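# Coordinate analysis (summary)
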Amino acid sequence: MKTHRRQFLKSAGLTLGAATVLGRPAFAAEATAQPSFINRPPKMKLGTVTYNLAKDWDIETIIKNCTEANFQGVELRTTHAHGVEVALNKQQRSEVKKQFQGSPVELMGLGSAFDYHTPDQAKLRADIAATKEYIVLAHDVGASGVKVRPNALPAEVPKEKTLEQIGKSLRELGEFAAIHGVQIRLEVHGRETSLLPNIKKIIEVAGHKLVGVCWNSNQSDLEGEGFDHNFNLVKDKILVVHMRDLHLDEYPFRKLLTRLNETNFSGYCLAEIPESKDPVRVMKYYRSLWLAYQNLL
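I will try to describe carefully the structure that is included in this document. (Residues numbered from 1 in each chain as written. Predicted model: local features only at pLDDT ≥ 70, side-chain atom pairs only at ≥ 80, totals over all residues. Heavy atoms only, no water.)

### Re the overall build of the chain
Helix and strand counts for the chain come out as nine helices and eight strands. Residues classed as buried in the chain amount to 46% of the 297 residues present. Within the chain, residue pairs in contact and separated by at least 24 positions form 82% of the contacts whose partners lie at least 6 positions apart. Counting every atom, the chain has about 15,200 Å² of accessible surface; 54% of that belongs to carbon and sulfur. (Helix = DSSP H or I, 4+ residues; strand = E, 2+ residues; numbered from the N terminus. Buried < 20%, exposed > 50% of the residue type's maximum accessible area, 1.4 Å probe, protein only. Contact = heavy atoms within 4.5 Å. Areas by Shrake-Rupley, 256 points an atom, 1.4 Å probe, with all protein chains shown as cover.)

### Let's talk about the pattern of salt bridges
With the rule as written, the count across this model stands at 15 salt bridges. Glu68 is paired through a salt bridge with Lys64; the nearest N and O atoms lie 3.9 Å apart. A residue pair is termed a helical-turn pair when its members lie 3 or 4 positions apart in one helix, as Glu68 and Lys64 do in helix 2 (residues 59-69) at four residues. On the basis of relative accessibility, which here comes to 53%, the residue Lys64 falls in the exposed class. Lys168 is paired through a salt bridge with Glu164; the nearest N and O atoms lie 3.1 Å apart. With Lys168 and Glu164 both in helix 5 (residues 159-180) and four residues apart, this pair spans about one turn of that helix. Taking relative accessible area as the criterion, Lys168 reaches 44% and is therefore assigned partly exposed. Take Glu164: its relative accessible area is 36%, and that puts it in the partly exposed class. Linked through salt bridges whose partners overlap, the residues forming this network are Asp228, Lys255, Arg259 and Glu262. (Salt bridge = Lys/Arg side-chain N within 4 Å of Asp/Glu carboxyl O.)

### Some remarks on the packing of helix 7 (residues 227-234) against helix 8 (residues 253-262)
Axis angle and axis distance: for two packed helices, these are the angle between their axes and the distance between the axes, and together they describe the pair. Running from N to C, helix 7 and helix 8 point in directions that differ by 35 degrees, and their axes come no closer than 12 Å. The crossing of helix 7 and helix 8 is right-handed. Contacts from Phe227, Asp228, Phe231 and Asn232 of helix 7 reach helix 8 at Lys255, Leu256, Arg259 and Leu260. Here the contact of helix 7 with helix 8 is composed, by residue class, of four nonpolar, one polar and three charged. (Axes fitted to C-alpha atoms, helices over the stretch in contact; angles between N-to-C directions. Left-handed = near helix turned anticlockwise from the far one by under 90°. Nonpolar A, V, L, I, M, F, W, Y, C, P; charged D, E, K, R; others polar.)

### A word on the nonpolar core
By size, the foremost hydrophobic cluster in this structure holds 73 residues, and its most contacted members are Leu110, Leu170, Trp215, Leu260 and Cys269. If you tally residues by element for this core, the top one is helix 4 (residues 121-141), at seven residues. Cys269 has contacts with Met44, Lys45, Leu46, Gly47, Val241, Met243, Leu257, Leu260 and Trp290, leaving out every residue within four places of it along the chain. If you look at the next biggest cluster of nonpolar residues, it comprises six residues, including Met108, Cys214, Val240 and Tyr268. (Core = buried A, V, L, I, M, F, W, Y, C linked by side-chain atoms within 4.5 Å.)

### With respect to helix 7
Three or more residues of helix 7 are buried, namely Phe227, Asn230, Phe231 and Val234. Relative to the axis of helix 7, the buried residues are bounded by an arc of 100 degrees and lie together on one face. (Arc of directions from axis to C-beta.)

### Quick word on the environment of Leu270
Within the fold, Leu270 resides in strand 8 (residues 268-271). In this structure Leu270 touches Gly47, Thr48, Val49, Glu75, Met108, Val240, Val241, His242 and Met243, once residues within four positions along its chain are discounted.

### Quick look at the packing of aromatic side chains
Taken as a whole and assessed by the stated rule, the structure comprises six aromatic pairs. Pairing Phe114 with Tyr134 gives two aromatic rings, centres 5.9 Å apart and planes at 80 degrees, and the pair type is edge-to-face. Of this pair, Phe114 sits in the loop between strand 3 (106-111) and helix 4 while Tyr134 sits in helix 4, and the two are 20 residues apart along the sequence. Look at Trp215 and Phe231: their rings are 5.5 Å apart centre to centre, the planes differ by 65 degrees, and that puts the pair in the edge-to-face class. Of the two residues, Trp215 sits in strand 6 (residues 211-215) while Phe231 sits in helix 7, which places them 16 residues apart along the sequence. Looking at Phe231, the relative accessible area reads 0%, which means it is buried. Through pairs of rings, three or more aromatic residues link up here, namely Trp215, Phe227, Phe231, Tyr251 and Phe253. (Phe/Tyr/Trp six-rings, centres within 6.5 Å; stacked < 30°, edge-to-face > 60°.)

The following block contains the structure:
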């Protein structure tokens, strides 16, 4: 009995030793190779706009919260608490640029409220001039693009004339933006102008490589011949994507992300969601669902 016991313990000790020698490095290597449940890096990047969720945050808070939630970038919407506006002087603009460059968060764009559908030609010229100031601001603070929008089709003007006017305005802005290395991102926005055939026409008239589409995840994306048809109209011109709450089941967010990945889109998906008393927690849930919809979790 004693002999058998000694042999058993000796044998067990060798087995345990082998497991210690051979097993631990294997487990360690496995842990190193698979630090999380994300099975591959996303092609796209995730960020937020400061519309609603972050409208009351200063730059330090934006960087802090985005870093904690693993959001990679931000589009700063005009008029919000961060105060990144054309009134900033040269030194202030440089300081904004340095704040983002010294952080893990990219200032990926500025969100304006300029539009070019008005039949009032004096107002149109004023909006174009104001957009050019904003383009310079984007360059100075290190943002790669400016979001603009159409907002309506005036009833008193033929549709084609308005679409052409918006497109020509964007062409002029694209030429100016090229001098400063900045994109012009046309938000799919506004009554009737948010219909994708109209957006396609505007982009065709603009005809500039730096003028593209800010997909806005509107319910109107499903109208006409349906989502896939509408997506295909502009898929090669999408520069950035705005997304509402991903839990909304009336919109095909999984399909949107699938189609974006099929086109090898590597730009930003930006959360445009309501305020929260627990914003970082909401942002973390948002990121998890964004990854899950791409089958990355």
